[in-house]
Amino acid sequence: MEKKVTVPDILRMKAAGERITMVTAYDCPFARLLDEAGVEILLVGDSLGMVVQGLPTTLPVTLDEMVYHTQLVARGRKRALVLGDLPFGAYQASPQQAVESAVRLVKEGGAEAVKLEGGIAMARTIEAIATIDVPVMGHVGLTPQSVHRMGGHRVQGRRGGHGPGERERLLDDARAVQAAGAFAVVLECMPLDLAAEITAELTIPTIGIGAGAHCDGQVLVLHDLLGLSTDWTPRFAKRYAELGREVVRAAGDYVREVKDGLFPTEAQAFAPPKAKAG
Ligand code: KIV
C-alpha cells in the first residue's frame, strides 16, 4: 500500500504544485475501487441525497445517514483521506451544534475531516470545529444547501449576474474560510477567472467543481464520473465511463438468459450427492 494520505499531505500538494483529486463515495465497494485508483480524497457528499436516494435536493439528508455512509466508505478505503459532509440542519444552528455533528462524523463515521457549506457566515463555525482539531474543508460558490435562496443550482459570481458585488462577496467568502482555519475549500460553479483569482490568493488548496482548470484540485460526483445515470450529466462534469448503459446491458442479458433457460448451466450448479456404495 502506498502511504496514507493525511491533511498535511493535502497542504503540501498545493505548495508543491501537485494537483489534488477528490471523488464522492457513498459505500464500501466504490471506496475500495477509488482508493485503488489513487484518488486522494473520498468525499462522502450529501449529494447522496440526489444520486443515491433519488431526491431533488440535498436538503433532506440527515446526520444519521451521513454517519452511516461515512462508516461504509471508511471501511473500504486504505489510503485515501475520508471527508464527511455536514448535512443541512446539522451545523447552521450554532458552532456548538456544528462541533457535536463533526464529532459524530469522526467518532462514529470514521471521517478524518469534515466539510461544510458557506463563507463569511460560517467563519465562527469553521473556527469552532478547527479548534477541537477536526480539519474542516469549506465550500463556496454554488452551495447546494442554499438552493432556495439561489433559485436553483446556478453558476455564481458571473459578471452582470446577481449584482456587481457578487464576485467580491465570493472572494471575501473564500478569504473568510481560510482565515477561520479551514485546510481547503471547494469552489463550485463559478467563472474560471474568479476561481483562478481565489486560488492564486489563498494559501490553502482550492478544489474545483465547475470552476475551471486553475484550481489546486478537482472533485467529481462518482455517478457523473462513471456515467451511472443513463440520462442527464451536468455541463461541468465529464463521464469517464458509461457504466449506466453497461448495467442495463448486463442485467438485460441476464433477464433474457433466465427466460430462455440458458442460465444457470451445469457450470453454475452443484452436482447431486454421490450414491453410497454397497
Ligand atoms: O456533496 C457533494 O458531493 C459535494 C461536492 C459536489 C463538492 O459537496
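To keep things clear, this report deals only with the structure shown in the data block. It should be emphasised that the depicted structure is a prediction, and the values quoted were computed from it without experimental measurement.

Leave glycine aside and you will find that most residues have negative phi; peptide bonds, for their part, are mostly trans. With omega at -5°, the peptide bond leading from Phe263 into Pro264 counts as cis. Along the chain, Pro264 turns up in the segment after helix H11 (243-259). One non-glycine residue with positive phi stands out, namely Asp133, at about 70°. For Asp133, a relative accessible area of 67% gives the class exposed. The backbone of Cys189 shows a phi angle near 45°, a positive value even though the residue is not glycine. Judged by its relative accessible area of 5%, Cys189 falls in the buried class.

Within the structure shown, the criterion is met by 1 aromatic pair. Relative to Phe263, the ring of Tyr254 has its centre 6.0 Å away and its plane inclined at 65°; by these criteria the two rings are edge-to-face.

On to the nonpolar core. Formed by 56 residues in total, the largest nonpolar core has its most connected members in Ile129 and Leu187. Those residues in contact with Leu187 that lie beyond four places of it in its chain are Val140, Ala195, Ile198, Thr199, Thr206, Ile207, Gly208, Ile209, Ala211 and Cys215. Met22, Leu43, Leu81 and Phe183 belong to the second-largest nonpolar core, a separate cluster that totals 18 residues.

Rules used throughout
- Residues numbered from 1 in each chain as written.
- Predicted model: local features only at pLDDT ≥ 70, side-chain atom pairs only at ≥ 80, totals over all residues.
- Heavy atoms only, no water.
- Helix = DSSP H or I, 4+ residues; strand = E, 2+ residues; numbered from the N terminus.
- Buried < 20%, exposed > 50% of the residue type's maximum accessible area, 1.4 Å probe, protein only.
- Phe/Tyr/Trp six-rings, centres within 6.5 Å; stacked < 30°, edge-to-face > 60°.
- Core = buried A, V, L, I, M, F, W, Y, C linked by side-chain atoms within 4.5 Å.
- Contact = heavy atoms within 4.5 Å.

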